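Per-entry structural report
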Amino acid sequence: MKMKKTVVALLLVLSMVGSCVSALAAEAVTPILPAQAEDSGIAPHAEETVWCTRVHNGILQKRLWSITNGRWLTDWIDIGPAG
């Protein structure tokens with residue numbers, strides 16, 4: 001009877017150790033950081049843009065600039081008279 005209790009206790013301890021080891025192994029997975037995602041070739045991101053304004057010949061104008069691609073997305077658009 002004592003041998004049976006010892007075996008059961010040993011199995012219980014081994015199962016607890018196994019649970020801890022598997023939990024630690026699950027935490028050891030390295031997440032993909034944004035810099036690493038860009039290297040993989042698949043990195044969907046929203047395009048970042050900004051509206052730029054100017055006064056040209058007394059008329060307020062705006063134009064959309066792509067920060068992501070570094071290029072103009074629109075021509076100058078008249079908004080109205082400056083002032």
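The structure contained in this document is the topic of the report that follows. Note that this is a predicted model, so its numbers are computed, not measured. Every chain is numbered on its own, with residues counted from 1 as its sequence reads. Only residues with pLDDT of at least 70 are given local features in this predicted model, and only at 80 or more are side-chain atom pairs given and counted; all residues enter the totals for whole chains, interfaces and linings. Hydrogens and water molecules were not included; the side-chain quantities draw on all heavy atoms of the structure.

This part takes up the side chain of Arg-63. Secondary structure follows DSSP: runs of H or I at least 4 residues long count as helices, runs of E at least 2 residues long count as strands, and numbering of each begins at the N terminus. Take Arg-63: it is sitting in strand E2 (residues 59–66). Working definition: with a 1.4 Å probe on protein chains only, accessible area under 20% of the residue-type maximum means buried, over 50% means exposed, and in between means partly exposed. The charge count includes Lys and Arg as positive and Asp and Glu as negative, but it does not include His or the ends of the chains. For salt bridges, the criterion is a side-chain nitrogen of Lys or Arg within 4 Å of an Asp or Glu carboxyl oxygen. No salt bridge is formed by the buried Arg-63. Its closest oppositely charged neighbour is Asp-75, at 4.3 Å. Side-chain polar atoms of Arg-63 contact the backbone oxygen of Thr-74, separated by 2.7 Å. Think of a polar contact as two N or O atoms within 3.5 Å of one another; within protein, one of them needs to be a possible hydrogen donor and the other a possible acceptor, and neighboring residues in sequence only count if both atoms come from side chains.

With that settled, the discussion passes to the side chain of Ser-66. When you line up the elements, Ser-66 lands in strand E2. Within the structure, the side chain of Ser-66 is placed 2.5 Å from the side chain of Glu-47, a separation counted as a polar contact. The contact rule is simple, with two residues in contact once any of their heavy atoms fall within 4.5 Å. Residue contacts for Ser-66: discarding those within four places in its chain leaves Glu-47, Glu-48, Thr-49, Arg-71 and Leu-73.

By definition, two strands form a pair when at least two bridges between them are found by DSSP. In terms of strand pairing, strand E1 (residues 49–56) meets E2 through 8 bridges, oriented antiparallel. Note that in E2 the partner of Val-55 across the bridge is Leu-60. The antiparallel pairing of E1 with E2 creates a hairpin that spans 2 residues between the two strands, and Asn-57 there sits at a positive phi of about 55 degrees. Bridge count between E2 and strand E4 (residues 77–81): 4 bridges; the pairing is antiparallel. Within E4, the residue paired with Lys-62 across the bridge is Ile-77. Pairing of E2 with strand E3 (residues 71–72), which is carried by 2 bridges, proceeds in the antiparallel orientation. Each bridged residue has a counterpart across the sheet, and for Trp-65 the counterpart in E3 is Trp-72. Between E2 and E3, which pair antiparallel in sequence order, lie 4 residues; one of them, Gly-70, sits at a positive phi of approximately 70 degrees.

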